[in-house]
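# Structure at a glance
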Amino acid sequence: MSHRRRPALRLAVAAALLLAASGGLAACSSSSSTPAPSPTPSASSSAGVVAPIIVAVSDVDGATVEVPLGNALVLTSDTEPLADWTAEVSDPSVLRFEPGSSSGSAQFNPGFEALATGSTEVTMSNSSTGTTVTFTVDVTS
């Protein structure tokens, strides 16, 4: 895998964090009996940059998330430690996981890069809280 794609995913994650920090994202809540809403791309702040698909971890469990080829899926959480998520992707040729991390006062959300069209199941686990979520990602052209 070329390291050229990593900066694009990191840029998408950074853009999502900036939007969240500036109040660009509203907090979402849903009951366990309500299906997760369809995610929508966030607004792009500069031409040529593809906005990531942003979904709350609390909304993704049991859901199917559609991500356009070449785009990124970024997960957010107000309650779960973001750097403590790991993921198993059933088909790594379709989707690549980028773990969350912390660097000083900055936190980077965990995310996924859509590599090829197809469908894959993802299981994520948080080592701090014991939370596990399973969802499907459909990468579309």
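Quick caveat: nothing in here was measured; it's all calculated off a predicted structure.

## Examining the overall build of the protein chain
When you go through the protein chain residue by residue, the secondary structure sums to 2 helices and 10 strands. Element order for the protein chain, N to C, with α for helix and β for strand: α-β-α-β-β-β-β-β-β-β-β-β. Relative to its 141 residues, the protein chain shows a buried fraction of 33%. For the protein chain, contacts bridging at least 24 residues in sequence account for 53% of all contacts bridging at least 6. Accessible area of the protein chain: about 7,600 Å², with a carbon and sulfur share of 52%.

## Focus on the side chain of Glu-113
Mapped onto the fold, Glu-113 is located in strand S8 (residues 111–114). A residue is classified by how much of its surface remains accessible, and Glu-113, at 3% relative accessible area, is buried. Polar contacts involving the side chain of Glu-113 include one to the side chain of Arg-96, which spans 2.6 Å.

## Remarks on the sheet that holds S8
As summarised here, the arrangement of the 4 strands in space is S1-S3-S8-S5, forming an open sheet in which the pairing is mixed. The open sheet terminates on both sides in strands that have one partner only, identified here as strand S1 (53–56) and strand S5 (95–98). Looking at each pair of strands side by side, their axes are set apart by 25° on average, direction ignored. Bridge count for S1 against strand S3 (residues 72–76) is 4 bridges, and the pairing is parallel. Considered in S3, the bridge of Ile-54 is made with Val-74.

## A look at the packing of aromatic side chains
Counted under the stated rule, the structure contains 2 aromatic pairs. Here the aromatic rings of Phe-97 and Phe-112 are separated by 5.1 Å at their centres, their planes lie at 50°, and the arrangement is tilted. Remark: Phe-112 occurs in strand S8 and Phe-97 occurs in strand S5; sequence separation between them is 15 residues. Overall, Phe-97 belongs to the buried group, its relative accessible area being 17%. You can call Phe-112 buried: its relative accessible area is 0%. Seen in terms of ring centroids, Phe-112 and Phe-135 are 6.1 Å apart; in terms of plane orientation they differ by 85°. Their pairing is edge-to-face. Taken together, the residues span a long stretch of sequence, with Phe-112 in strand S8 and Phe-135 in strand S10 (residues 132–140) at a distance of 23 residues.

## Let's talk about the confidence of the model for the protein chain
Caution applies to low-pLDDT regions: their predicted coordinates should not be interpreted in detail. Within the protein chain, residue pLDDT values average 79, and 66% of them lie at 70 or more. Note that residues 1–5 has pLDDT below 50 and, in this model, 4 contacts with residues that lie over four places away or in other chains. Segment residues 17–34 is flagged for pLDDT under 50; beyond a separation of four residues in sequence, or across chains, it makes 13 contacts in the model.

Here is what the cut-offs are and how they apply
Residue positions are given per chain, counted from 1 along the sequence in the order it is written. Local features in a predicted model are, by the rule used here, given only for residues with pLDDT of at least 70; side-chain atom pairs are given and counted only at 80 or more, and totals for whole chains, interfaces and linings are based on all residues. Side-chain metrics in this entry use all non-hydrogen atoms of the structure; hydrogen atoms and water are not considered. For helices the rule is a DSSP run of H or I covering at least 4 residues; for strands it is a run of E covering at least 2, with both sets numbered from the N terminus onward. Exposed residues in this analysis have more than 50% of their type's maximum accessible area, buried residues have under 20%, and partly exposed residues fall in between, with area computed by a 1.4 Å probe over protein chains only. In what follows, residue pairs with any heavy atoms lying within 4.5 Å of each other are defined as contacts. All accessible areas in this document rest on Shrake-Rupley with a 1.4 Å probe, and a residue is counted as covered only by the protein chains that are shown. Contacts described as polar in this section are N or O atom pairs within 3.5 Å, which, within protein, must combine one atom able to donate a hydrogen with one able to accept it, while residues neighboring in sequence count only if both atoms come from side chains. Here, any two strands with at least 2 DSSP bridges between them count as paired. Between N-to-C directions, angles span 0 to 180 degrees; the directions come from axes that are lines fitted to C-alpha atoms, helices contributing only their stretch in contact. Side-chain rings of Phe, Tyr and Trp (the six-membered ring for Trp) are treated as a pair once their centres are within 6.5 Å; stacked means planes under 30 degrees apart, edge-to-face means over 60, and tilted covers the remaining angles. A score between 0 and 100, pLDDT records how confident the predictor is in each residue.

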